[in-house]
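Each chain is listed here by its residues.
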Amino acid sequence: MTSPSQLTLRRPDDWHVHLRDGTMLELAVADTARQFARAICMPNLVPPVTTRAAALSYRQRIQAACPAGLDFTPLLTAYLTDAIDPQEVAAGYEEGVFAACKLYPAGATTNSDAGVTDVRNIDAVLESMQEIGMPLLVHGEVVNPEVDVFDREAVFIETVLEPLLSRFPGLKVVLEHITTRDAVNFVTAAPVNVAATITAHHLHIDRNALFDGGLRPHAYCLPVAKRRGHREALRHAAVSGNPKFFLGTDSAPHPRSAKESACGCAGIYTAPVALESYAEVFEEEGRLERLEAFASEYGPRFYGLALNAGSVTLERTVQTVPEVVENAGQSVVPFKAGQELRWRLRQRA
Ligand code: DOR
Ligand code: ZN
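This report concerns the structure included in the present document. (Residues numbered from 1 in each chain as written. Chains lettered and ligands numbered in written order. Predicted model: local features only at pLDDT ≥ 70, side-chain atom pairs only at ≥ 80, totals over all residues. Heavy atoms only, no water.)

**Considering the site of ligand 1**
Thought 1: Taken together, 13 residues form the shell around ligand 1, and within it Arg20, Asn44, Thr109, Leu222 and His254 come nearest.
Thought 2: One of the side-chain N or O atoms of Arg20 is found 2.7 Å from an oxygen atom in ligand 1.
Thought 3: In this structure, an oxygen atom belonging to ligand 1 sits 3.0 Å away from a side-chain N or O atom of Thr109.
Thought 4: Within the complex, 100% of the 290 Å² of free accessible area of ligand 1 lies under protein.
Thought 5: Judged by the proximity of its atoms to the pocket grid, ligand 1 belongs to the largest cavity.
Thought 6: When its residues are assigned to classes, the shell around ligand 1 shows 4 nonpolar, 7 polar and 2 charged. (Near = heavy atom within 4 Å. Polar contact = N/O pair within 3.5 Å; in protein donor to acceptor, adjacent residues only side chain to side chain. Areas by Shrake-Rupley, 256 points an atom, 1.4 Å probe, with all protein chains shown as cover. 1 Å grid on protein atoms, 1.4 Å probe; cavity = no way out; pocket = protein on both sides within 12 Å on 5 of 7 lines; lining within 4 Å. Sits in = over half its atoms within 2 Å of the grid points. Nonpolar A, V, L, I, M, F, W, Y, C, P; charged D, E, K, R; others polar.)

Here it is as structure tokens:
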């Protein structure tokens, strides 16, 4: 089979991204808006986005940071806390301010300290979300330090997610950034209201990448990459044509100094090369023709949103990813820094 020299897709969306705030915002918004028409913007700011007012103000800051000429729609999320007001969340969804709620188990990851300490504490919110059809986006890891870090997703599914779905069988749930065969199997077997996002980096790397000739902070994210066999399960799910699996980069920029540190932050910055990175994987799996549905159709269908109009084109041109990307004094090392990718997204005029 000959490989195409270019690939045109309906404009895609990113169903999970960290755009940050302050001086990082401009860089993150520009890189995401060059790639995607819409993005589900994570609320783990300091302080977290828990109210309509905070979300509206964040939306304005994102829009103001978006380079002129790029047509980009941020979709906001509410950060669930033990004390979140169910009415605030429901009103935000009904008014179109919030597209979903994000559940961070307290302490699971970056800026999750205000997250939920026990999911039972938010049963009232989940009940109301189930009723109005508002999606719950889940960081699926237990925080118990006794549980091995590589097992935290599988243990979460068994001990938190399964019971939660038994209590709220109609709740729309997206298990975010899945990293294990266990998650693939769980989501595949679950009813249609349960879906998952898959990042580009988890399709590329396995846990060896963290220790490749030395400690590699830029390969560190949460959930941490697992063994090769889990990566294979994720690849098969992504290219399977199953609409429960769709694109969510979890692109999470941290300043270079915060990554290259004795206690480096979790997060991989894929935004500058996200689509190209997914395209490589779909091509390697011999399923390039399925990239469009994964990137541009299954996500909006799950969220009940219209598909985007317009298209983007990927060209088969080798590009070398920059060692570092910079803006407003911030330096971030992107995914695949200094390495080659076989595809390049054609920039729109
Ligand atoms: O690697 C990660 N980075 N995982 C997360 O869950 C959060 C994110 C961040 O905000 O940096
Ligand atoms: Zn995330």
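**Describing the nonpolar core**
Thought 1: One finds Leu19 and Leu136 to be the most contacted residues of the largest nonpolar core, which totals 87 residues.
Thought 2: Core analysis: the next-biggest nonpolar cluster, separate from the first, contains 16 residues, Trp15, Tyr79, Tyr104 and Val174 among them. (Core = buried A, V, L, I, M, F, W, Y, C linked by side-chain atoms within 4.5 Å. Buried < 20%, exposed > 50% of the residue type's maximum accessible area, 1.4 Å probe, protein only.)

**Here's the deal with a negative patch on the surface**
Thought 1: Among the surface-exposed residues, Asp148, Asp151, Glu158, Glu162 and Asp182 lie close enough to one another that they form a single negatively charged patch.
Thought 2: By the secondary structure assignment, Asp182 is in helix H6 (residues 181–189). (Patch = residues over 30% accessible without salt bridge, like charges linked within 9 Å, V, L, I, M, F, W, Y side chains within 5 Å. Salt bridge = Lys/Arg side-chain N within 4 Å of Asp/Glu carboxyl O. Lys, Arg positive; Asp, Glu negative; His and termini not counted. Charge placed at Lys NZ, Arg CZ, Asp CG, Glu CD. Helix = DSSP H or I, 4+ residues; strand = E, 2+ residues; numbered from the N terminus.)

**Brief notes about the coordination of the zinc ion (ligand 2)**
Thought 1: Taken together, the protein ligands of the zinc ion (ligand 2) are His16 (NE2), His18 (NE2) and Asp250 (OD), with distances of 2.0 to 2.1 Å.
Thought 2: Positions of the donor residues of the zinc ion (ligand 2), expressed as sequence spacing, correspond to H-x1-H-x231-D. (Donors = N, O, S within 2.8 Å, 3.2 Å for Na, K, Ca; no water.)

**Considerations on the sheet that holds strand S8 (residues 194–198)**
Thought 1: One open sheet accounts for 8 strands, arranged S2-S3-S4-S5-S6-S7-S8-S9; its pairing is parallel. Edge positions in the sheet fall to strand S2 (13–17) and strand S9 (245–247), since each has one partner strand and no second. On average, each strand axis in the sheet is inclined to that of its neighbour by 30°, with strand direction left out of account.
Thought 2: The sheet contact formed by strand S7 (residues 173–175) and S8 spans 3 bridges and is parallel. Following the sheet pairing, Leu175 is matched in S8 by Ala196. (Pairing = 2+ DSSP bridges. Axes fitted to C-alpha atoms, helices over the stretch in contact; angles between N-to-C directions.)

**Focus: unusual backbone geometry**
Thought 1: The step from Val46 to Pro47 runs through a cis peptide bond, and the omega angle for that step is -5°.
Thought 2: Tracing the backbone through its elements, the reader meets Pro47 in the loop between strand S3 (38–41) and helix H2 (52–65).
Thought 3: In this model, Leu222 is joined to Pro223 through a cis peptide bond whose omega is -5°.
Thought 4: On the secondary structure map, Pro223 appears in the loop between helix H7 (200–204) and helix H8 (228–239).
Thought 5: The phi dihedral of His177 falls on the positive side, at around 35°, and the residue is not glycine.
Thought 6: Residue position: His177 is located in the loop between S7 and H6.
Thought 7: Positive phi, close to 45°, is recorded for Ala328, a residue that is not glycine.
Thought 8: Of note, Ala328 is situated in the loop between strand S12 (325–327) and strand S13 (330–332).

**Overview of the sheet that holds strand S15 (residues 344–345)**
Thought 1: The 3 strands are arranged S1-S10-S15 in an open sheet whose pairing can be described as antiparallel. Edge positions in the open sheet fall to strand S1 (6–10) and S15, since each of these has one partner strand only.
Thought 2: Pairing analysis gives 5 bridges linking S1 to strand S10 (residues 311–315), with the strands arranged antiparallel. The residue of S10 that forms the bridge with Leu7 is Leu314.
Thought 3: On top of the sheet, helix H10 (residues 274–284) reaches S1, S10 and S15; it is set at about 65° to S10, its chief contact. (Contact = heavy atoms within 4.5 Å.)

**With respect to the packing of aromatic side chains**
Thought 1: Here the structure, examined in full by the defined rule, presents 7 aromatic pairs.
Thought 2: Geometrically, the ring pair formed by Trp15 and Phe246 is edge-to-face, given 6.5 Å between the ring centres and 80° between the ring planes. Placement of the pair is Trp15 in strand S2 and Phe246 in strand S9, with a sequence separation of 231 residues. With respect to class, Trp15 is no different from Phe246; both count as buried.
Thought 3: Seen from their ring centres, Phe302 and Tyr303 are 6.1 Å apart, and the 75° between their planes marks the pair as edge-to-face. The exposure classification of Phe302 matches that of Tyr303, with both residues buried.
Thought 4: Over the ring of Phe302 we find Lys172; its NZ or CZ atom is 5.4 Å from the centre of that ring.
Thought 5: The ring of Phe150 has Arg207 sitting right over it, with the charged end atom 4.7 Å from the ring centre. (Phe/Tyr/Trp six-rings, centres within 6.5 Å; stacked < 30°, edge-to-face > 60°. Lys NZ or Arg CZ within 6 Å of the ring centre and 35° of its normal.)

**Concerning empty space enclosed by the protein**
Thought 1: Considering all chains together, one arrives at 3 cavities of 30 Å³ or more under this definition.
Thought 2: Its volume calculated, the largest cavity comes out at about 120 Å³.
Thought 3: Around the largest cavity sit 17 residues that line it, and His18, Thr109, Leu222, Asp250 and Ala252 are the ones nearest its centre.
Thought 4: Taken together, the residues that form the lining of the largest cavity break down as 5 nonpolar, 9 polar and 3 charged.
Thought 5: When its residues are assigned to classes, the lining of the second largest cavity shows 8 nonpolar, 3 polar and 1 charged. (Points joined across faces, edges and corners; volume = space filled by probe spheres on them.)

Any functional reading would require information beyond the geometric quantities listed.
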